[in-house]
Protein chains: 6
Amino acid sequence: MPYINIKVTDENVTKEQKQQLIAGATRLVVEVLNKNPATTHVVIDEVHIDNWGVKGKQYSELINSQN
Amino acid sequence: MPYINIKVTDENVTKEQKQQLIAGATRLVVEVLNKNPATTHVVIDEVHIDNWGVKGKQYSELINSQN
Amino acid sequence: MPYINIKVTDENVTKEQKQQLIAGATRLVVEVLNKNPATTHVVIDEVHIDNWGVKGKQYSELINSQN
Amino acid sequence: MPYINIKVTDENVTKEQKQQLIAGATRLVVEVLNKNPATTHVVIDEVHIDNWGVKGKQYSELINSQN
Amino acid sequence: MPYINIKVTDENVTKEQKQQLIAGATRLVVEVLNKNPATTHVVIDEVHIDNWGVKGKQYSELINSQN
Amino acid sequence: MPYINIKVTDENVTKEQKQQLIAGATRLVVEVLNKNPATTHVVIDEVHIDNWGVKGKQYSELINSQN
């Protein structure tokens, strides 16, 4: 505890970026809530762009319409 | 806000069906709660049929036993 | 299966509105994916407006700044 | 209802182990809370070892540093 | 890791029952996947019976119709 | 998108701390993934200390045993 879940679209997030997200999220709860890094879990979910919707539309279609 | 998560088994949900789920879920919170489509996020998770259980059994096994 | 989770801010969602959300979400997966209503679970989470953030700010503060 | 979600790292969990997790989790809520197995859903999420962090580090890196 | 989430309806689950759920879920991943209890987190969510739906109906209404 | 969920135990997290968590989590995905703050949602869940388990025990009991 804590448990932090970061959901993003599956758009080539690099291993290095994932490490930055994990380190940054852990640092955040350590600094703000004085939590223990050793018991702080961070899970990153990468969601296919067909599977994420906003404005009632698939993110993949929103991207296409902008190109 | 709102955030809607739809978890289904990974049984060849088509891109078109995903668009219908996203549009339908967004329309639902717009009509019932007067929410803004632009800030309504919908995420669809497709779960392998070995990874979903009901009645204490894997969904894959329940399907096999019906065939 | 399916399992549908609807997260909204805790802004006096009435019992009747919750019933409409549950009925609408169930009807959606029945119509789009031909799922069985009897095994379709819908869970509504109501999140305190201090606990939901967008644009880097608490929703409660965004509301205050609009009033 | 209930709905049980088990998140583990993606380290070759076998189909048989998944069946044991599903059966065990179902038996747990039947025995402790007298729930109905037929309406108890269990979902197993397998998370890539780059996507799970503890101690501010990716699980993949923690494993490497131990080898 | 692992992280186990148990969602049940808010029907007076006692502190002792919660302890049994936590112990049982932990024992399950230790026995099946040889996980470390010290890094196994279990979170129990209790959902209001108006907020859980199955068969397109609120659980509270299903209970009423049975009484 | 993204959607970030921070689960912590219900131990008097102040409104100000929640604002810091929301601002920090948003800043993290802006800096690392160049995401748009306006579409970045952060939800904080506060879990009762009886409902969170680690080492097979309720967090409330672990705290008691340390006092």
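Worth saying up front: this structure is predicted, and the values here are computed from it rather than measured.

## So, the pattern of salt bridges
In step 1: A full pass over the atoms with the stated rule returns 30 salt bridges over all chains.
In step 2: For lysine 15 of chain D, the salt bridge goes to aspartate 50 of chain B, with nearest N and O atoms at 3.6 Å. On the criterion of chain membership, the pair formed by lysine 15 of chain D in helix H1 (residues 15-33) and aspartate 50 of chain B in the loop between strand S2 (41-47) and strand S3 (52-54) is interchain, its members lying in two chains.
In step 3: By relative accessible area, which is 34% here, lysine 15 of chain D ends up partly exposed.
In step 4: Taken together, the shared-partner salt bridges connect Lys15 of chain A together with Asp50 and Glu61 of chain D into one network.

## Focus on the relation of the copies chain F and chain A
In step 1: Expressed as a screw transformation, the operator carrying chain F onto chain A has a rotation angle of 180 degrees and an axial translation of 0.0 Å, and the superposed copies differ by an RMSD of 0.0 Å. The two molecules are tied by a two-fold rotation axis, judged by turn and shift. Rotation axis and chain F: the residue whose C-alpha lies nearest the axis is asparagine 5 of chain F, separated from it by 2.5 Å.
In step 2: A high fraction, 100%, of the interface residues of chain F reappear at the interface in chain A, so the copies pair face to face through one surface.

## Some words on the interface of chain D and chain E
In step 1: Counting from both sides, the interface comprises 23 residues of chain D and, opposite them, 23 residues of chain E.
In step 2: Interface of chain D and chain E: buried area, both sides summed, is about 2000 Å²; carbon and sulfur atoms make up 75% of it.
In step 3: Contact with chain E buries surface across chain D, with Met1, Leu28 and Val32 of chain D losing the most and accounting together for 28% of the total.
In step 4: At the junction of chain D with chain E, the criterion picks out two salt bridges.

## Things to note about the relation of the copies chain D and chain E
In step 1: Note on the identical chains: chain D maps onto chain E by a rotation of 180 degrees and an axial translation of 0.0 Å, with an RMSD of 0.0 Å.
In step 2: Interface overlap between copies is the fraction of interface residues in one copy that are interface residues in the other; for chain D against chain E it reaches 100%, indicating a shared surface.

## Let's talk about the pairing of strand S1 (residues 3-9) of chain B
In step 1: With seven of seven residues buried, S1 of chain B is to be regarded as a mostly interior element.
In step 2: Inspection of the sheet shows S1 of chain B paired to S2 of chain B by seven bridges, in the parallel sense. Its bridge partner being in S2 of chain B, valine 8 of chain B is matched across the sheet by glutamate 46 of chain B.
In step 3: For the crossover that starts at S1 of chain B, traverses helix H1 (residues 15-33) of chain B and ends in the parallel S2 of chain B, the hand is right-handed.
In step 4: Pairing analysis gives five bridges linking S1 of chain B to strand S1 (residues 3-9) of chain C, with the strands arranged antiparallel. Considered in S1 of chain C, the bridge of isoleucine 4 of chain B is made with isoleucine 6 of chain C.

## Focus on the nonpolar core
In step 1: By size, the foremost hydrophobic cluster in this structure holds 110 residues, and its most contacted members are Ile6 of chain A, Ile6 of chain B, Ile6 of chain C, Ile6 of chain D, Ile6 of chain E together with Ile6 of chain F.
In step 2: Apart from the residues lying within four places of it in its own chain, the contact partners of isoleucine 6 of chain B are Leu21, Ala25, Val42, Val43, Ile44 and Asp45 of chain B together with Tyr3, Ile4 and Val29 of chain C.

## Some points on the side chain of lysine 7 of chain D
In step 1: Here lysine 7 of chain D shows up in strand S1 (residues 3-9).
In step 2: In this structure the side chain of lysine 7 of chain D is engaged in a polar contact, spanning 2.9 Å, whose partner is the side chain of aspartate 45 of chain D.
In step 3: The contact partners of lysine 7 of chain D, leaving out residues within four places of it in the chain, are Tyr3 of chain A, Asp45 and Trp52 of chain D together with Pro2 and Tyr3 of chain E.

## Observations regarding the pairing of strand S2 (residues 41-47) of chain C
The side chains of a regular strand alternate, first on one face of the sheet and then on the other.
In step 1: For S2 of chain C, a buried count of six out of seven residues is recorded, marking the element as mostly surrounded by other parts of the structure.
In step 2: Both S2 of chain C and strand S3 (residues 52-54) of chain E contribute to a ladder of three bridges, which runs antiparallel. For valine 42 of chain C, the partnering residue across the bridge sits in S3 of chain E and is glycine 53 of chain E.

## Overview of the sheet that holds strand S4 (residues 57-58) of chain F
In step 1: Spatially, the eight strands line up as an open sheet ordered S4(B)-S3(B)-S2(D)-S1(D)-S1(E)-S2(E)-S3(F)-S4(F), and their pairing is mixed. Both outer strands of the open sheet, strand S4 (57-58) of chain B together with S4 of chain F, are each paired with one neighbouring strand and no more.
In step 2: Packing of H1 of chain D onto the sheet brings it into contact with S3 and S4 of chain B, S1 and strand S2 (41-47) of chain D together with strand S1 (3-9) of chain E, and relative to S2 of chain D it is tilted by some 140 degrees.

## Some remarks on the packing of aromatic side chains
In step 1: By the definition in use, this model includes three aromatic pairs over all chains.
In step 2: Arranged with centres 3.8 Å apart and planes meeting at 5 degrees, the rings of tyrosine 3 of chain A and tyrosine 3 of chain E form a pair that is stacked. Residue tyrosine 3 of chain A is found in strand S1 (residues 3-9), and its partner tyrosine 3 of chain E is found in strand S1; the two belong to separate chains.
In step 3: Given a relative accessible area of 3%, tyrosine 3 of chain A falls into the buried group.

## Some remarks on the packing of H1 of chain D against helix H1 (residues 15-33) of chain E
Each pair of packed helices can be described by the angle between their axes along with the distance between the axes.
In step 1: Close contact between H1 of chain D and H1 of chain E brings their axes to 10 Å; oriented N to C, the two are set at 165 degrees. Judged on the interaxial angle alone, H1 of chain E and H1 of chain D are roughly antiparallel. Seen along the crossing, H1 of chain D lies across H1 of chain E with a hand that is right-handed. Residues Gln17, Gln20, Leu21, Gly24, Ala25, Leu28, Val29, Val32 and Leu33 of chain D of H1 of chain D form the contact with H1 of chain E, whose participating residues are Gln17, Gln20, Leu21, Gly24, Ala25, Leu28, Val29, Val32 and Leu33 of chain E.

## Points about the arrangement of the chains
In step 1: Left apart from each other, chain A and chain C have a closest C-alpha approach of 14 Å.
In step 2: No part of chain B reaches chain E; the closest C-alpha pair between them is 14 Å apart.

## Things to note about the layout of surface pockets
In step 1: Counted as a void, the largest pocket has a volume near 980 Å³.
In step 2: Looking at the largest pocket, it is lined by 39 residues, and the ones nearest its centre are Asp45 of chain C, Lys7 and Asp45 of chain E together with Lys7 and Asp45 of chain F.
In step 3: Residue composition of the lining of the largest pocket, by class: 12 nonpolar, 12 polar and 15 charged.
In step 4: Estimated volume of the second largest pocket: approximately 600 Å³.
In step 5: Lining the second largest pocket are 22 residues, and of these Asp45 and Glu46 of chain A, Asp45 and Glu46 of chain B together with Glu46 of chain D sit closest to its centre.
In step 6: Elements with a contribution of two residues or more to the lining of the second largest pocket: strand S2 (41-47) of chain A, S2 of chain B together with S2 of chain D.
In step 7: For the lining of the second largest pocket, the class distribution of residues is six nonpolar, six polar and 10 charged.

The rules behind the values
- Residues numbered from 1 in each chain as written.
- Chains lettered and ligands numbered in written order.
- Predicted model: local features only at pLDDT ≥ 70, side-chain atom pairs only at ≥ 80, totals over all residues.
- Heavy atoms only, no water.
- Salt bridge = Lys/Arg side-chain N within 4 Å of Asp/Glu carboxyl O.
- Helix = DSSP H or I, 4+ residues; strand = E, 2+ residues; numbered from the N terminus.
- Buried < 20%, exposed > 50% of the residue type's maximum accessible area, 1.4 Å probe, protein only.
- Least-squares fit on C-alpha atoms with pLDDT ≥ 70 in both.
- Contact = heavy atoms within 4.5 Å.
- Buried area = accessible area lost by both parts, 1.4 Å probe.
- Pairing = 2+ DSSP bridges.
- Right-handed = clockwise from strand over helix to strand, strands pointing away.
- Core = buried A, V, L, I, M, F, W, Y, C linked by side-chain atoms within 4.5 Å.
- Polar contact = N/O pair within 3.5 Å; in protein donor to acceptor, adjacent residues only side chain to side chain.
- Axes fitted to C-alpha atoms, helices over the stretch in contact; angles between N-to-C directions.
- Phe/Tyr/Trp six-rings, centres within 6.5 Å; stacked < 30°, edge-to-face > 60°.
- Parallel < 35°, antiparallel > 145°, perpendicular 65-115°, else oblique.
- Left-handed = near helix turned anticlockwise from the far one by under 90°.
- 1 Å grid on protein atoms, 1.4 Å probe; cavity = no way out; pocket = protein on both sides within 12 Å on 5 of 7 lines; lining within 4 Å.
- Points joined across faces, edges and corners; volume = space filled by probe spheres on them.
- Nonpolar A, V, L, I, M, F, W, Y, C, P; charged D, E, K, R; others polar.

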